[in-house]
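Residues per chain are reported as follows:
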Amino acid sequence: MRLTYLSHACFELRNGQIILIDPYLSGNKLAPNYEGKPDLILVTHEHSDHADASGFNAMVIAPATCKFSKMLAMKVGDVKNFNGITIQMVGASHRQSKYATRYLITYGGKRFYHTGDTYLDGIKNYGNIDIMFVPIGGHYTMNINEAIKSLDVVKPRIATPMHYNTFSEIKANPKEFQAKAENKASRYNSWNPANLSMFETKIRHYELCSTRLIITLKFINA
Ligand SMILES: [Zn+2]
């Protein structure tokens, strides 16, 4: 399993098949040059900074408020299976959207939670999350302190910040999130950084510039 952060709320999961989540690649100055050919694209809501999927051939899973030529519409609560990938659509709290959702993805034996654009009141615990993608930029979503509170609810093994620094309204320092999250995680007795190596997912680190930095941390269930 390889996980790549492509800036904003966009991640690629690659494990034989390629899943692309919330693409925002054109018109995004922080996005790297992306040449992947996704097999499946997930879009959390209709806003252009999450739904830049028309340039791909892949099937797009999205709520019915989105329109793509090759699309499978899902509703909150639906669960679908695609060649061994299980996708569950759940609701998010993002009043700017007509129908805000997010996804629980089970793939390659791991459980991912892409929280979409959400405020803290929309955060729920779905149990056993390996990696949580959590917005930290504020304004349209949770800010850093709210994102830290959301870790108490979800208790993921690894949390990765997203949705920051793409626009002037969502400036946030991912290292501040990292420091606060690690401080919180260290208060759990069972937290042991050595366990990180047991996690098979290979995380690709973007150290090229701080805006493309991906930060991971161990955050194990209390
Ligand atoms: Zn957004």
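Just so it is clear, the structure is predicted and the values come from calculations on it, not from any experiment.

1. A short note on the overall build of the chain
Within the chain one finds two helices and 13 strands. With 222 residues in all, the chain has 41% of them scored as buried. Taking the contacts inside the chain whose residues are at least 6 apart along the sequence as the reference set, 51% of them involve residues at least 24 apart.

2. Some thoughts on the sheet that holds strand β7 (residues 79-82)
In space, the six strands of this open sheet follow the order β7-β8-β9-β10-β11-β12, with mixed pairing throughout. Each end of this open sheet is capped by a strand with a single partner; those strands are β7 and β12 (158-162). Within the sheet, the average angular offset between the axes of one strand and its neighbour, ignoring direction, is 20°. Looking at chain direction, strand β9 (residues 101-107) and strand β10 (residues 110-114) are connected through five bridges and run antiparallel.

3. Quick word on the pairing of strand β8 (residues 85-91)
The pairing of β7 with β8 spans four bridges and is antiparallel. Bridge pairing in β8 links Asn81 to Thr86. Hairpin connection of β7 to β8: two residues between the antiparallel strands, including Asn83 at a positive phi of 40°.

4. What to know about the nonpolar core
The biggest cluster of nonpolar side chains holds 47 residues, and the ones touching the most others in it are Phe11, Ile19, Ile41, Leu42, Val43 and Ile136. With near-sequence residues (within four places) excluded, Phe11 lies in contact with Leu3, Thr4, Tyr5, Leu6, Ile21, His114 and Phe133.

5. Some words on unusual backbone geometry
The phi angle at His8 is positive, at roughly 55°, despite the residue not being glycine. Along the chain, the position of His8 falls in the loop between β1 (2-5) and β2 (11-15). Classification of His8 as buried rests on a count of 26 C-beta atoms within 10 Å. Its identity is not glycine, yet Asn83 carries a phi of approximately 40°, on the positive side. Following the sequence through the fold, Asn83 ends up in the loop between β7 and β8.

6. Digging into helix α1 (residues 144-154)
Given 3.6 residues per turn, any residue in an α-helix points the same way as the ones three and four places further on. The set of residues buried in α1 consists of Ile144, Ala147, Ile148, Ser150 and Leu151. Viewed along the axis of α1, the buried residues span an arc of 155°, placing them on a single side of the element. Summarising the geometry of α1, the exposed residues directed more than 90 degrees from the buried face are Asp152 and Val153. Just beyond α1, the residue with positive phi is Lys155, at close to 50°.

7. Notes on the confidence of the model for the chain
Here the chain shows a mean pLDDT of 82. Residues at 70 or above account for 83%. Here strand β13 (residues 202-203) is the element of the chain with the lowest mean pLDDT, 34, and strand β4 (residues 40-42) is the one with the highest, 98. In the predicted structure, residues 189-222 sits below a pLDDT of 50 and forms 68 contacts with residues beyond four places in sequence or in another chain.

Conventions we followed
- Residues numbered from 1 in each chain as written.
- Predicted model: local features only at pLDDT ≥ 70, side-chain atom pairs only at ≥ 80, totals over all residues.
- Helix = DSSP H or I, 4+ residues; strand = E, 2+ residues; numbered from the N terminus.
- Buried ≥ 20, exposed ≤ 12 C-beta atoms within 10 Å, placed from the backbone.
- Contact = placed C-beta atoms within 7 Å.
- Pairing = 2+ DSSP bridges.
- Axes fitted to C-alpha atoms, helices over the stretch in contact; angles between N-to-C directions.
- Core = buried A, V, L, I, M, F, W, Y, C linked by C-beta atoms within 7 Å.
- Arc of directions from axis to C-beta.
- pLDDT = per-residue confidence, 0-100.

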